[in-house]
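Inside the fold
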Amino acid sequence: MTTWNRKDLIALGDLSPEEITLCLDTATAFKGVGTRSLKKVPALRGKTLVNFFVEPSTRTRTSFEIAAMRLSADVVNISATASSLQKGETLKDTALNLEALQADIIVLRHSSAGSPRFL
């Protein structure tokens, strides 16, 4: 397998052994980007990634943000405390708003089981 054909990555259990190998091989190749003087590749140039962290996590959010920026994506970070969830907006309404903004990639960290599949 040499190409990724999935729209979503929700759980490792959903992946075939070949897809897991592709992820690991891609990560190994990408690891070298962090050691270069110019730490960018154009893989996601022109794409927008939204880090939507309802459950706080500095390390995970920062890891995704740095990876996205190294892939040349535009990054928007949304936390629960800085979102309309604080005013009672539902996850469904938030998802519809993100869809309307035409985000290309959404990274979700949420404490409720099933939230990523729902989104």
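Below or above, wherever it landed, is the structure these notes cover. Position numbers for residues count from 1 along each chain, tracking the sequence in the order it is written. Only residues with pLDDT of at least 70 get local features here, since the model is predicted, and only at 80 or more are side-chain atom pairs given and counted; chain-wide, interface and lining totals rely on the full set of residues. The basis for every side-chain value is the complete set of heavy atoms in the structure, and neither hydrogens nor water enter the calculation.

A look at the nonpolar core
We define a nonpolar core as any set of buried Ala, Val, Leu, Ile, Met, Phe, Trp, Tyr and Cys residues linked to one another through side-chain atoms lying within 4.5 Å. Burial here depends on accessible area, computed with a 1.4 Å probe over protein chains only, as a share of the maximum for the residue type. Under 20% is buried, over 50% is exposed, and the range in between is partly exposed. Within the largest apolar cluster, seven residues are counted, these being Val 50, Phe 52, Val 54, Ala 80, Leu 91, Leu 98 and Leu 108. Residue assignment for this core shows that the elements contributing at least two residues are β1 (48-53) and α3 (91-100). By the convention used here, residues are in contact when the closest approach between their heavy atoms is within 4.5 Å. Residues in contact with Leu 108, not counting those within four places in the same chain, are Phe 52, Val 54, Ser 115, Pro 116 and Leu 119. Helix numbers and strand numbers start at the N terminus; a helix is a DSSP run of H or I with at least 4 residues, a strand a run of E with at least 2.

Comments concerning the pattern of salt bridges
By salt bridge we mean one thing: a side-chain nitrogen of Lys or Arg within 4 Å of a carboxyl oxygen of Asp or Glu. With the rule as written, the count across this model stands at five salt bridges. As a salt-bridge pair, Arg 6 and Glu 19 come within 2.7 Å of each other at their nearest N and O atoms. In this pair, Arg 6 is assigned in the segment before α1 (17-31) and Glu 19 in helix α1, connecting sequence segments 13 residues apart. Given the relative accessible area of 9%, Glu 19 is considered buried.

What to know about the side chain of Ser 72
Position of Ser 72 among the secondary structure elements: in the loop between α2 (58-70) and β2 (74-79). Those residues within four positions of Ser 72 in sequence are excluded, and the remaining contacts are Lys 40, Val 41, Pro 42, Leu 44, Arg 45 and Gly 46.

Description of the sheet that holds β1
What the three strands build is an open sheet, ordered β2-β1-β3; its pairing is parallel. In this open sheet, the two edge strands, each paired with only one partner strand, are β2 and β3 (105-109). Each neighbouring strand pair of the sheet contributes to a mean axis angle of 15 degrees, computed without reference to strand direction. At least two DSSP bridges between two strands are required for those strands to pair. Bridging between β1 and β2 involves six bridges; their strand directions are parallel. Counterpart to Thr 48 in the pairing with β2 is Asp 74. Note on geometry: axes are lines fitted to C-alpha atoms, helical ones only across the stretch in contact, with angles between N-to-C directions running from 0 to 180 degrees. Its contacts with the sheet place α3 against β1, β2 and β3, and it is angled at close to 165 degrees to β1.

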